[in-house]
Amino acid sequence: MGKPSPQENAGFWETTGAAKTFTHPLDPELLTEFVPRTARVLDYGCGYGRLTAELVAAGYRSVRGVDRSAALIARGRREHPELALMHWTGLPLPFVDRIFDAALLFAVLTCVPDDAGQRAIVGELGRLVRPGGVLYVSDVPLQTDPFNRERYRRFEARYGTYGVFGTEDGGVFRHHAPEWLRGLLGAAGFAVLRERRTTVPTLNGRTAERLQLMARREPAAAPGEPAAG
């Protein structure tokens, strides 16, 4: 049937997906080591503002949440009317270059099955995070258990990418080779500083290993100079 269209997957997050309880927790130790409370933070793919609210409660004074789903942002405004949540469907985002000190990308890439969509998101965060600022990614690497291996193989024939799969309630998700995630960050000008793996609950009541990446935005190379790294 071919790869899922962005419009098809977006529809899931306006309906069934908008009622989900998101499950990737912040790692307070990792967060405070790299993101001071004075930082200007973008929570991209904020959903209903779960982590945006946690950041504000933890003392972060300048946090902006953005999501493509109107239904999720409407839910967030009901549940957290005090937060700065924005509905914005496309890219680029309506912010000037280098305006943020840090950005969060929590279980967002797993909801974007196509390569081009993932590159566009991470590239946009590379524009918005200042040199020396950080991108904190939490996502799902390829799992090694029999259940996931079987569905990766089964859906690869349908979607063309190993790791992309559909769920019974109509969602399409992607688990990633870690080197793919590292490559996305590197192409957008980020250097990975720290990696951490933990086990977390999933949207559909299972558990999965997650991979956290903390990466620093490197300065752009001057004309005629090689890129850093």
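Placed above this text is the structure.
A short tour of the structure in this document, coming up. (Residues numbered from 1 in each chain as written. Predicted model: local features only at pLDDT ≥ 70, side-chain atom pairs only at ≥ 80, totals over all residues. Heavy atoms only, no water.)

## Let's talk about unusual backbone geometry
Right, on to step 1. The amide bond that connects Leu 91 to the next residue, Pro 92, takes the cis arrangement and shows omega of 5°.
Right, on to step 2. Looking at the element boundaries, Pro 92 is found in the loop between strand E3 (85-87) and strand E4 (100-106).
Right, on to step 3. Its identity is not glycine, yet Arg 98 carries a phi of approximately 60°, on the positive side.
Right, on to step 4. Turning to its location among the elements, Arg 98 is positioned in the loop between E3 and E4. (Helix = DSSP H or I, 4+ residues; strand = E, 2+ residues; numbered from the N terminus.)

## Describing the nonpolar core
Right, on to step 1. Counting 27 residues, the largest nonpolar core has Leu 42, Tyr 44, Leu 105 and Leu 135 as its most contacted members.
Right, on to step 2. Elements with a contribution of two residues or more to this core: strand E1 (40-44), E4, helix H5 (115-128), strand E5 (129-139), helix H7 (178-187) and strand E9 (207-217).
Right, on to step 3. The leading source of residues in this core is H5, at four residues.
Right, on to step 4. The residues touching Leu 42, leaving out its near neighbours within four places in the chain, are Arg 64, Val 66, Leu 93, Phe 95, Phe 100, Ala 102, Ala 103, Leu 104, Leu 125 and Leu 128.
Right, on to step 5. The next biggest cluster of nonpolar side chains, apart from the first, holds 17 residues, and it includes Leu 26, Leu 31, Leu 51 and Leu 55. (Core = buried A, V, L, I, M, F, W, Y, C linked by side-chain atoms within 4.5 Å. Buried < 20%, exposed > 50% of the residue type's maximum accessible area, 1.4 Å probe, protein only. Contact = heavy atoms within 4.5 Å.)

## Quick word on the environment of Gly 17
Right, on to step 1. Within the secondary structure, Gly 17 sits in the loop between helix H1 (6-14) and helix H2 (28-34).
Right, on to step 2. Residues Gly 17 and Phe 34 lie 17 residues apart in sequence; the distance between their C-alpha atoms is 31 Å.
Right, on to step 3. Discounting chain neighbours no more than four positions away, the residues touching Gly 17 are Phe 12, Phe 22 and Leu 72.

## Some remarks on the packing of aromatic side chains
Right, on to step 1. Overall, the coordinates contain 11 aromatic pairs when judged by the stated rule.
Right, on to step 2. Each ring, one from Trp 13 and one from Phe 22, has its centre 6.1 Å from the other, and the planes form 75°; the classification is edge-to-face.
Right, on to step 3. A relative accessible area of 17% means that Phe 22 is categorised as buried.
Right, on to step 4. Seen from their ring centres, Phe 22 and Tyr 48 are 5.0 Å apart, and the 35° between their planes marks the pair as tilted. (Phe/Tyr/Trp six-rings, centres within 6.5 Å; stacked < 30°, edge-to-face > 60°.)

## Quick notes on the pairing of E4
Right, on to step 1. Of all seven residues in E4, seven are buried, a share of seventy percent or more.
Right, on to step 2. Relative to E4, E1 is paired through three bridges, and the arrangement is parallel. The residue of E4 that forms the bridge with Leu 42 is Ala 103.
Right, on to step 3. Pairing of E4 with E5, which is carried by six bridges, proceeds in the parallel orientation. Among the inter-strand pairings, Leu 105 is bridged to a residue of E5, identified as Val 137. (Pairing = 2+ DSSP bridges.)

## Overview of the side chain of Gln 143
Right, on to step 1. Within the secondary structure, Gln 143 is located in the loop between E5 and helix H6 (146-159).
Right, on to step 2. Reaching out from Gln 143, the side chain makes a polar contact with the backbone nitrogen of Glu 209 at a distance of 2.9 Å.
Right, on to step 3. With sequence-adjacent residues up to four places away left out, Gln 143 is seen in contact with Asn 148, Arg 149, Tyr 152, His 175, Ala 208 and Glu 209. (Polar contact = N/O pair within 3.5 Å; in protein donor to acceptor, adjacent residues only side chain to side chain.)

## With respect to the pattern of salt bridges
Right, on to step 1. The tally for this structure, following the rule as stated, stands at 13 salt bridges.
Right, on to step 2. The residue Asp 101 makes a salt bridge to Arg 40 at a minimum N-O spacing of 3.0 Å. Highlighted residues: Asp 101 in strand E4 and Arg 40 in strand E1, separated in sequence by 61 residues.
Right, on to step 3. What makes Arg 40 partly exposed here is its relative accessible area of 34%.
Right, on to step 4. For Glu 150, the salt bridge goes to Arg 154, with nearest N and O atoms at 2.9 Å. Residue Glu 150 and its partner Arg 154 are both found in helix H6; the two are separated by four residues, about one turn of the helix.
Right, on to step 5. On the basis of relative accessibility, which here comes to 35%, the residue Glu 150 falls in the partly exposed class.
Right, on to step 6. Classification of Arg 154 as partly exposed rests on a relative accessible area of 46%. (Salt bridge = Lys/Arg side-chain N within 4 Å of Asp/Glu carboxyl O.)

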